[in-house]
Amino acid sequence: MSSMDHAADRGEKKELRKEHPSGWLYLTQHDAIPILVDALLDLPPNREFNKTELAEHAGVTRQTVGNYTDLLLEVELIEVVPDTSPRRYRVADSDVVRELFELNSALNNVGSE
């Protein structure tokens, strides 16, 4: 197989991944998501926040948070705090969040053992 064939094969595989993304790729295909997730990992448990507060904590604009709030809700990273006006959120009590904290902890501990 020539190098051009390899490049074409890689390109096709990349496009297939984009068309049928894993959960990880679906989440991280958006530039601001890693920053927002990092900020969520840094919040104290059960801390409520609105979009402006999350934006300030993450170092992004409120518009950026607004652009990705539905996605963060969809993948169960955040949840709506009921009966709040203006609407408030908190880190979700979900399998996704628990696994994300475990992954983050494992990554932070690499090389420290």
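Whatever comes next refers back to the structure up there.
Since this is a predicted model, take the numbers as computed values, not measurements.

Caption draft 1: Region of interest: the environment of Val80. Residue position: Val80 is located in strand β2 (residues 78–81). As for Val80 and Lys13, which are separated by 67 residues in sequence, their C-alpha atoms are 37 Å apart. Leaving out residues up to four positions away in the same chain, Val80 has contacts with Leu73, Arg87, Arg88 and Tyr89.

Caption draft 2: Fine view of the nonpolar core. Formed by 24 residues in total, the largest nonpolar core has its most connected members in Ile33, Leu36, Leu40, Phe49, Leu72 and Leu77. Contributing elements (two or more residues each) for this core: α3 (33–41), α4 (51–58), α5 (62–74) and α6 (95–109). For this core, the element with the highest residue contribution is α3, accounting for 6 residues.

Caption draft 3: The arrangement of a nonpolar patch on the surface in detail. Residues Trp24, Leu103, Leu107 and Val110 make up a contiguous nonpolar surface patch of about 460 Å² in total accessible area. Relative to the helices and strands, Leu103 resides in helix α6.

Caption draft 4: Looking closely at α5. Taking 1.5 Å per residue, 13 residues should reach 18 Å; α5 reaches 19 Å between its end C-alpha atoms and fits that length. Taking the largest bend as the criterion, α5 deviates by roughly 45°, centred on Tyr68. Turning to α5, its buried residues are Thr64, Val65, Tyr68, Thr69, Leu71 and Leu72. Its buried side turned inward, α5 meets α2 (23–28), α3, α4, β2 and β3 (88–91). Looking one or two places after α5, you find Glu76, whose phi comes out positive at around 60°.

Caption draft 5: Molecular detail of the environment of Glu74. Considering the arrangement of structural elements, one finds Glu74 in helix α5. Residues Glu74 and Glu99 lie 25 residues apart in sequence; the distance between their C-alpha atoms is 16 Å.

Caption draft 6: Representation of the side chain of Ser94. Relative to the helices and strands, Ser94 is located in the loop between β3 and α6. The exposure class assigned to Ser94 is buried, which follows from its relative accessible area of 7%. One polar contact links the side chain of Ser94 to the main-chain amide nitrogen of Val97, over a distance of 3.2 Å.

Caption draft 7: Quick peek at unusual backbone geometry. Looking along the chain, the bond that leaves Ser85 and enters Pro86 is cis, with omega of 0°. Here Pro86 shows up in the loop between β2 and β3. With a phi close to 60°, Glu76 is a non-glycine residue in the positive phi region. Even without a glycine there, the phi angle at Asp83 is positive, about 60°. Given the relative accessible area of 84%, Asp83 is considered exposed.

The rules behind the values
Residues numbered from 1 in each chain as written. Predicted model: local features only at pLDDT ≥ 70, side-chain atom pairs only at ≥ 80, totals over all residues. Heavy atoms only, no water. Helix = DSSP H or I, 4+ residues; strand = E, 2+ residues; numbered from the N terminus. Contact = heavy atoms within 4.5 Å. Core = buried A, V, L, I, M, F, W, Y, C linked by side-chain atoms within 4.5 Å. Buried < 20%, exposed > 50% of the residue type's maximum accessible area, 1.4 Å probe, protein only. Patch = residues over 30% accessible without salt bridge, like charges linked within 9 Å, V, L, I, M, F, W, Y side chains within 5 Å. Areas by Shrake-Rupley, 256 points an atom, 1.4 Å probe, with all protein chains shown as cover. Salt bridge = Lys/Arg side-chain N within 4 Å of Asp/Glu carboxyl O. Expected span 1.5 Å × (residues − 1). Bend = angle between axes of the 7 residues up to and from the residue. Polar contact = N/O pair within 3.5 Å; in protein donor to acceptor, adjacent residues only side chain to side chain.

Honestly, it's all geometry; don't read function into it.
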